[in-house]
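What follows is the residue order along each chain.
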Amino acid sequence: MTEAFFVTAAELAYRGFDDLPRELDSSKHMIYSSPATLDFNSPGAKGFGVKRAGLVIPGSVMLLIAPGCCGRNTALLSDLGYDERFFYLMLDDTDIVTGRYVNKIPKACEELLAELDYTPSVIMLCCTCVDALLGTDMERVCRACYDKTGVKAAPAYMYALTREKRLPPMGLVRKSIYSLLEPQKRISNECSILGFFSALEDNNEIYALLQSAGIRKIHEIGRCETFEEYKEISRANFSIVLNSEARAAAQDMQERLGIPFIELTRMYRLDKIHNQYRLLGEAIGAAFDDSVYFESAKAVIESFKEKHGEVVFAVGESLNADSFELALALCEYGFKVREIYGTVGERNFVFVKKLAEISPETRVYSNLSPTMMNYQPDPCIQAAIGADACYYHKGIVGVEFNSEAQPFGYRGIELLFSQLDKALGERGEAYV
Amino acid sequence: MKKLLKHISPLAPDDSGACSVLYEMGGITVICDAGGCAGNVCGFDEPRWFEKRSALFSAGLRDMDAILGRDDMLVKKLSLITEQIDAPFTAIVGTPVPAVIATDLKALERMSEKKTGLPCIALKTDGTRLYDYGEELAYYRLFDRFAEYKLPVKKGRLGVLGATPLNIGETDSKRLKAALSDKWEDVVCFGMDSGLDDVKRVSQCERLLVIAPSGLKAARLINERFNTPYDVGFPMTDELPGIYDKKILIIHQQFYANALREHYESCGCDVTVGSFFMMIPEYMKANDIHITEEDELIELALNGGFDVILADERFRLMLKGFGGSFIDLRHFAVGGRLNLG
């Protein structure tokens, strides 16, 4: 039985992105359903998959057009109150070969509308690998549904087969959910934040910083309670993209609605956060004074370190952060990161290289590698961050750090360290 | 409209059923999918996933693998994994992707055996059928392939077929074995706390007990091959709600529902059994019904004159107009909740 495969940050950096070990290249091996894999492949009560994401438009309903196996886990969303918003057109073996069901979709929409005592804002048509392979023209199907029912329809592509494409399912669904916005007069002191399906955590400094620059209304889809509020998003003078998976949606909004966008990245290194805010200020013609937030976050880190010492962490990827950037930040703050469970990509390889300089022995594991079923926790690790890391290290302190209220910027740092402080405090484990 | 679900979410599919039978067999099971089907199995339909380790993986197919029919890639990946994990056999479980592109699973089976040197069983599930179909297929193929030799019968040894979480709402066989312990010294629940060795030694069983329709085909095979007699039934593991002299509709997997019928008929009740899953004709009574659509259940519940319906809570959603009593009867393959009571 092979032990769980890992490679050190130093070796990984030395090999380079073009020479990743086979176990870190998911196209070359079978996929292990680790908690992190499940987060992507079967998001249920926590997190947003295509199905739940498609329903963030207020007043929307979804028709899932698929074999039963694709909609099975939707039952997990019942507790969140989605029961009455999901409908299913089940495909049989003849359907999936002939594609004959496509003509039935408008009729199914008509029947589901008859079941409701309100008119939904939109019917999201969720399609799966079957339609990816059959090449179903979903835009055309949506138009046929609209013609039949008078209610708009939009596609939600749950194409697991294309998850490594330029526009993966979670990018496509973001594009879809903003596709119903229509051009209207833009208002100079309004902007929108794109990237997440839920809103930023309420106390995020970005709200105050934007207000200090004269922005009076910040639109976020996660805060829209009515379809009218959703439609107001297209009044934004500009969009701020906080997650690269929303880039295609922002580009589409730029082309269709004339709303330009600025892209920021969620990071946990103080200096980088400061630099991003400086660049954002320059882009919108404002000089942000973020010193209060900078100092506050810095103080939180220092206080944590003073109290708990050089904690040794394991960092996963089922969390609101890029595993490698967060690991790099922790190492730069003087902590140790013994292990990372993450997916190495072209975009975050830059963090791997920097990590290799200051923590060359950090072990990098792939959650997707079949060898992870043989993973044995390293007793040196004192705290785990991320739902997957907590799963691998059940016996030690851990924070999942994957709440729906999204952390960002300095506030993200404060939230992380306060959660860690609380978790370590509850166990009475200070390592000084 | 047929096949339109307006009230409930989809029931456990055939690929989940196949994986459920294979889960504790000790082999390497590969779900031939892009990731979503394996996610549904491990993240929902297989409650043992976070309790008991199993070499259950997704093939991680990508669009070009499917379009170009790269079966050799799949076999290569399977071969790699057999170098990393010790296993006595491999299994490939079908999903909608191989069904759409018409993958020759039989050929895949032969290619895999040649490459890995291990026996392989490829199961032609496609995610459009229900879990019991996948279970039936998996049980049958396992016993057909691995139960080859007749061994001396061990007095007092009972083999149970159909013990999967999807059928019985349990992740281990403790309660089932406890319920059978007064009559049997040695109970083996195939696929639950037991692996491939017990499948190979099935001929040692004095009798078989089939507790769900999905196990029946395999039981008949074993009976034919080794003359092992089998019974159909379900040992009661839970206390049942007291219902007397009522007209009852029970919705569950057929053999559990039949066992409940026996109990409630002894309480003076008139019982009808219905199921969205397999209904084996010889174990049905005159009014029993195989339900295929939501509307059929609504019609039956509203116009059947029942005082009480025992069914999974998920069905309550569609039976809002039912005027009698609704009693929750958990069925993991419906609502994804453990325990039967």
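About the cut-offs
Starting from 1, residues in each chain are numbered consecutively following that chain's sequence as written. Whichever chain is written first is A, and whichever ligand is written first is 1; the rest continue in order. pLDDT decides what is reported in this predicted model: residues at 70 or higher carry local features, side-chain atom pairs at 80 or more are listed and counted, and totals for whole chains, interfaces and linings draw on all residues regardless. A run of H or I in DSSP counts as a helix once it spans at least four residues, and a run of E counts as a strand once it spans at least two, with each numbered from the N terminus. Working definition of burial: number of other C-beta atoms within 10 Å of the residue's own, with buried at 20 or more, exposed at 12 or fewer, and partly exposed in between, all C-beta atoms being placed from the backbone. By the convention adopted here, residues make contact when the C-beta atoms placed from their backbones lie within 7 Å. The globule rule used here is 2.2 Å times the number of residues to the 0.38 power, and the radius of gyration it is set against is calculated over C-alpha atoms. Pairing between two strands requires that DSSP report at least two bridges joining them. Helix axes are fitted only over the stretch in contact, all axes being lines through C-alpha atoms; the angle between N-to-C directions runs from 0 to 180 degrees. Under the scheme applied, nonpolar residues are Ala, Val, Leu, Ile, Met, Phe, Trp, Tyr, Cys and Pro; charged residues are Asp, Glu, Lys and Arg; polar residues are all the others, including Gly. Expected helix span is taken as 1.5 Å per residue step, with the number of steps being one fewer than the number of residues. When the strands point away from the viewer, a crossover counts as right-handed if the route from the first strand across the helix to the second turns clockwise. To count as a nonpolar core, a set of buried Ala, Val, Leu, Ile, Met, Phe, Trp, Tyr and Cys residues must be joined through C-beta atoms within 7 Å. The split of the chain into domains comes from an automatic or database domain assignment. Just so you know how the angles are binned, under 35 degrees is roughly parallel, over 145 roughly antiparallel, 65 to 115 roughly perpendicular, and the rest oblique. For a crossing to be left-handed, the near helix must be turned anticlockwise from the far one by less than a right angle; the clockwise case is right-handed. Comment: arc refers to directions from the helix axis out to C-beta atoms.

(A) Structural detail: the overall build of chain A. Within chain A, the regular secondary structure consists of 18 helices and 15 strands. Expressed along its principal axes, the backbone C-alpha trace of chain A runs to roughly 70 × 60 × 40 Å. Relative to its full complement of 432 residues, chain A shows a buried share of 52%. Considering only contacts in chain A between residues 6 or more positions apart, those separated by 24 or more positions represent 74%.

(B) Spotlight on the overall build of chain B. When helices and strands are counted, chain B shows 15 helices and 14 strands. In terms of overall dimensions, chain B is globule-like: its C-alpha atoms have a radius of gyration of 21 Å, near the 20 Å expected for 341 residues. In terms of principal-axis extent, the alpha carbons of chain B reach across some 60 × 50 × 35 Å. Pairs at least 24 residues apart make up 68% of the contacts formed inside chain B by residues separated by at least 6 positions.

(C) Structural context of the pairing of strand E2 (residues 28-31) of chain B. Residues and elements named next belong to chain B. Burial of the side chains of E2 extends over both faces: Ile-28 and Val-30 are buried on one face and Thr-29 and Ile-31 on the other. With four bridges connecting them, E2 and strand E4 (residues 90-93) associate as parallel partners. When the bridges of E4 are listed, Thr-29 appears paired with Ala-91. Two elements, E2 and strand E3 (residues 56-58), share three bridges in a ladder whose sense is parallel.

(D) Spatial organisation of the sheet that holds strand E5 (residues 123-127) of chain A. Spatially, five strands are ordered E6(A)-E5(A)-E3(A)-E4(A)-E1(B) in an open sheet, and the strand pairing comes out mixed. Where the open sheet ends on each side, the last strands, each with one partner, are strand E6 (153-157) of chain A together with strand E1 (4-5) of chain B. Summarising the sheet, strand E3 (residues 61-66) of chain A and E5(A) pair through five bridges and their orientation is parallel. Considered in E5(A), the bridge of Leu64(A) is made with Cys126(A). Along the sheet face, helix H8 (residues 138-149) of chain A touches E5 and E6 of chain A and points at about 150° away from the line of E6(A).

(E) The arrangement of the interface of chain A and chain B in detail. Listed per partner, the contact involves 52 residues of chain A and 52 residues of chain B. Of the residues contributing to the side of chain A that touches chain B, the split by class is 29 nonpolar, 14 polar and nine charged. In this sheet, E3(B) lies alongside strand E2 (residues 31-32) of chain A in antiparallel orientation, the contact comprising two bridges. Its bridge partner lying in E3(B), Tyr32(A) is registered against Phe57(B).

(F) Region of interest: the sheet that holds strand E8 (residues 207-210) of chain B. Residue and element names in this part refer to chain B. What the four strands build is an open sheet, ordered E7-E6-E8-E9; its pairing is parallel. The sheet terminates laterally at strand E7 (186-189) and strand E9 (230-232), the two strands that pair on one side only. Neighbour to neighbour, the strand axes of the sheet diverge by 25° on average, direction disregarded. Sheet topology note: the strand E6 (residues 157-161)/E7 ladder contains four bridges and is parallel. Residue pairing for E7: Arg-157 is matched across the bridge by Asp-186. Contacts between helix H11 (residues 216-226) and the sheet are confined to E6, E8 and E9, with E8 contributing the most and set at about 165° to the helix.

(G) Structural view of helix H12 (residues 254-265) of chain B. All names here are of chain B. Counted at 1.5 Å a residue, the expected span for H12 with its 12 residues is 16 Å, and the 16 Å between its end C-alpha atoms agrees. Among the residues of H12, Gln-254, Phe-255, Tyr-256, Ala-257, Asn-258, Leu-260, Arg-261 and Tyr-264 are the ones counted as buried. Packing partners of the buried residues in H12 comprise E8, E9, strand E10 (247-251), strand E11 (270-275) and strand E13 (308-311).

(H) Fine view of unusual backbone geometry. All names here are of chain B. For Asn-227, which is not glycine, the phi dihedral falls at a positive 65°. By the secondary structure assignment, Asn-227 is in the loop between H11 and E9. For Asn-227, a count of 10 C-beta atoms within 10 Å translates into the label exposed.

(I) Focus on the pairing of E8(B). All names here are of chain B. Here E6 pairs with E8 via four bridges, running parallel. Looking at E8, one finds that Val-160 is bridged to Leu-209. Across three bridges, the pairing between E8 and E9 is parallel. Paired with Val-210 across the strands is Val-232, a residue of E9. Each parallel crossover has a hand, and for E8 linked through H11 to E9 it is right-handed.

(J) Seen up close, the nonpolar core. Membership of the largest hydrophobic core comes to 257 residues, with the highest contact counts inside it found for Leu63(A), Ile65(A), Leu125(A), Cys126(A) and Val160(B). Ranked by the residues each element gives to this core, the list is headed by helix H7 (residues 131-146) of chain B, at nine residues. Those residues within four positions of Leu63(A) in sequence are excluded, and the remaining contacts are Phe87(A), Leu89(A), Ala108(A), Cys109(A), Leu112(A), Ile123(A), Leu125(A) and Cys126(A).

(K) Main features of the domain arrangement of chain A. Domain parsing of chain A yields domain 1 (6-30 + 291-427), domain 2 (44-171) and domain 3 (190-284). Placing the centre of domain 1 of chain A and that of domain 2 of chain A at their C-alpha centroids yields a distance of 35 Å.

(L) Here's a closer look at the packing of helix H4 (residues 71-84) of chain B against helix H6 (residues 105-116) of chain B. All names here are of chain B. At a closest axis distance of 9 Å, the pairing of H4 and H6 adopts a crossing angle of 40°. The orientation of H4 relative to H6 falls into the category oblique. The crossing of H4 and H6 is right-handed. Packed against H4, whose contacting residues are Asp-71, Leu-74, Val-75, Leu-78, Ser-79 and Thr-82, the element H6 presents Leu-108, Met-111, Ser-112, Lys-115 and Thr-116 at the interface. Of the residues in the contact of H4 with H6, the class split is five nonpolar, four polar and two charged.

(M) Here's a closer look at helix H13 (residues 270-284) of chain A. Residue and element names in this part refer to chain A. For H13, built from 15 residues, the straight-helix expectation of 21 Å at 1.5 Å per residue is met to within 8% by its first-to-last C-alpha distance of 21 Å. Of all the positions in H13, only Leu-270, Ile-273, Tyr-277 and Leu-280 are classed as buried. One face of H13 carries all of its buried residues, which in axial projection span an arc of 90°. In this structure, H13 carries Asp-271, Asn-275, Leu-279 and Glu-282 as exposed residues pointing more than 90 degrees from its buried face.

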